[in-house]
Amino acid sequence: MSEKKIILATHGKLSEGMLHSVQMIAGQNGDLSCMCMMPGEHYQPMVYEVEAMVKENPDTQYIIVTDLFGGSVCNGMTMITGYPNVRLLAGMNMGLVINLLLTPGKLTDEQIAEIVDESREALLAIQPVSPDTGGDEDFF
């Protein structure tokens with residue numbers, strides 16, 4: 001069993017799309033999986049499924065990445081944060097997932113906090129480029 005598993009858990013098929021997008025950059029990786037809560041479904045089956053994995057593999061670190069802090073998926077997953085091998089993150093973005101996935105081994109809380117901070121710093125509002133400066137070398 002792997003040292004670390006990353007589970008993307010979201011409303012709708014966001015996690016499925018994120019998994020495919022991350023795989024385009026980082027390649028196929030069995031340590032990354034996704035769970036989708038579709039309209040009309042409840043988060044509880046997802047929570048039970050993750051909890052069963054967590055109990056079955058106590059030496060594996062599970063990092064659950066959800067789409068929205070305060071959303072039902074994230075709120076449901078808080079029920080299993082008492083396990084020492086579970087970490088829960090909210091506010092999924094591609095940079096976050098790639099960094100979590102490609103950082104080798106189990107992650108310390110400090111490493112996770114650093115990755116979250118880096119992901120937050122990459123969230124930017126891009127200012128419009130005027131047609132007069134469209135080819136300007138100072139753009140990047």
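Right, let's walk through the structure included here. (Residues numbered from 1 in each chain as written. Predicted model: local features only at pLDDT ≥ 70, side-chain atom pairs only at ≥ 80, totals over all residues. Heavy atoms only, no water.)

Looking at the pattern of salt bridges
Where charged atoms of side chains with opposite charge meet at close range, the side chains can pair. In total, this model carries 3 salt bridges according to the counting rule given. Between aspartate 31 and lysine 5 there is a salt bridge; the shortest N-O distance is 3.4 Å. Here aspartate 31, found in the loop between α1 (14-26) and β2 (32-37), pairs with lysine 5, found in strand β1 (residues 4-11); they are 26 residues apart in sequence, far enough to count as distant. In this structure aspartate 31 comes out as partly exposed when scored by relative accessible area, which is 25%. When the shortest N-O distance is used, the salt bridge between aspartate 109 and arginine 87 registers 2.6 Å. On the criterion of sequence distance, the pair formed by aspartate 109 in helix α5 (residues 109-121) and arginine 87 in strand β4 (residues 86-90) is long-range, its members being 22 residues apart. Given a relative accessible area of 25%, arginine 87 falls into the partly exposed group. (Salt bridge = Lys/Arg side-chain N within 4 Å of Asp/Glu carboxyl O. Helix = DSSP H or I, 4+ residues; strand = E, 2+ residues; numbered from the N terminus. Buried < 20%, exposed > 50% of the residue type's maximum accessible area, 1.4 Å probe, protein only.)

A few points about the sheet that holds β1
If you trace the 4 strands from one edge of the open sheet to the other, you get β2-β1-β3-β4, paired in parallel fashion. The strands lining the two open edges of the sheet, one partner per strand, are β2 and β4. Neighbouring strand axes in the sheet, compared pairwise and without regard to direction, differ in orientation by 20° on average. Relative to strand β3 (residues 61-66), β1 is paired through 6 bridges, and the arrangement is parallel. The residue bridging lysine 5 from the neighbouring strand is tyrosine 62, located in β3. Packing of α1 onto the sheet brings it into contact with β1 and β2, and relative to β2 it is tilted by some 155°. Here α5 sits on the sheet and contacts β3 and β4; the angle it forms with β4, its principal contact strand, is near 15°. (Pairing = 2+ DSSP bridges. Axes fitted to C-alpha atoms, helices over the stretch in contact; angles between N-to-C directions. Contact = heavy atoms within 4.5 Å.)

Focus: α1
An ideal rise of 1.5 Å per residue puts 18 Å on 13 residues; α1 measures up with 18 Å between its terminal C-alpha atoms. For α1, the set of buried residues is Ser15, Met18, Leu19, Val22 and Gln23. Mapping the buried residues of α1 onto a view down its axis gives an arc of 135°, with all of them on the same face. Residues of α1 that are buried make contact with β1, β2 and α4 (94-102). Two residues or fewer after α1 comes glycine 27, characterised by a positive phi angle close to 85°. (Expected span 1.5 Å × (residues − 1). Arc of directions from axis to C-beta.)

A short note on the pairing of β1
Burial runs high along β1: 7 of the 8 residues are buried. Note: β1 against β2, 6 bridges, orientation parallel. Its bridge partner being in β2, histidine 11 is matched across the sheet by methionine 37.

Examining the layout of surface pockets
What the largest pocket holds in volume is close to 200 Å³. In terms of lining, the largest pocket is formed by Ala90, Gly91, Asn93, Gly95, Leu96, Val116, Ser119, Arg120, Ala122 and Leu123. Going through the elements one at a time, α4 and α5 are the ones with two or more residues in the lining of the largest pocket. With 3 residues, α5 is the single largest residue contributor to the lining of the largest pocket. Its residues assigned to classes, the lining of the largest pocket shows 5 nonpolar, 4 polar and 1 charged. (1 Å grid on protein atoms, 1.4 Å probe; cavity = no way out; pocket = protein on both sides within 12 Å on 5 of 7 lines; lining within 4 Å. Points joined across faces, edges and corners; volume = space filled by probe spheres on them. Nonpolar A, V, L, I, M, F, W, Y, C, P; charged D, E, K, R; others polar.)

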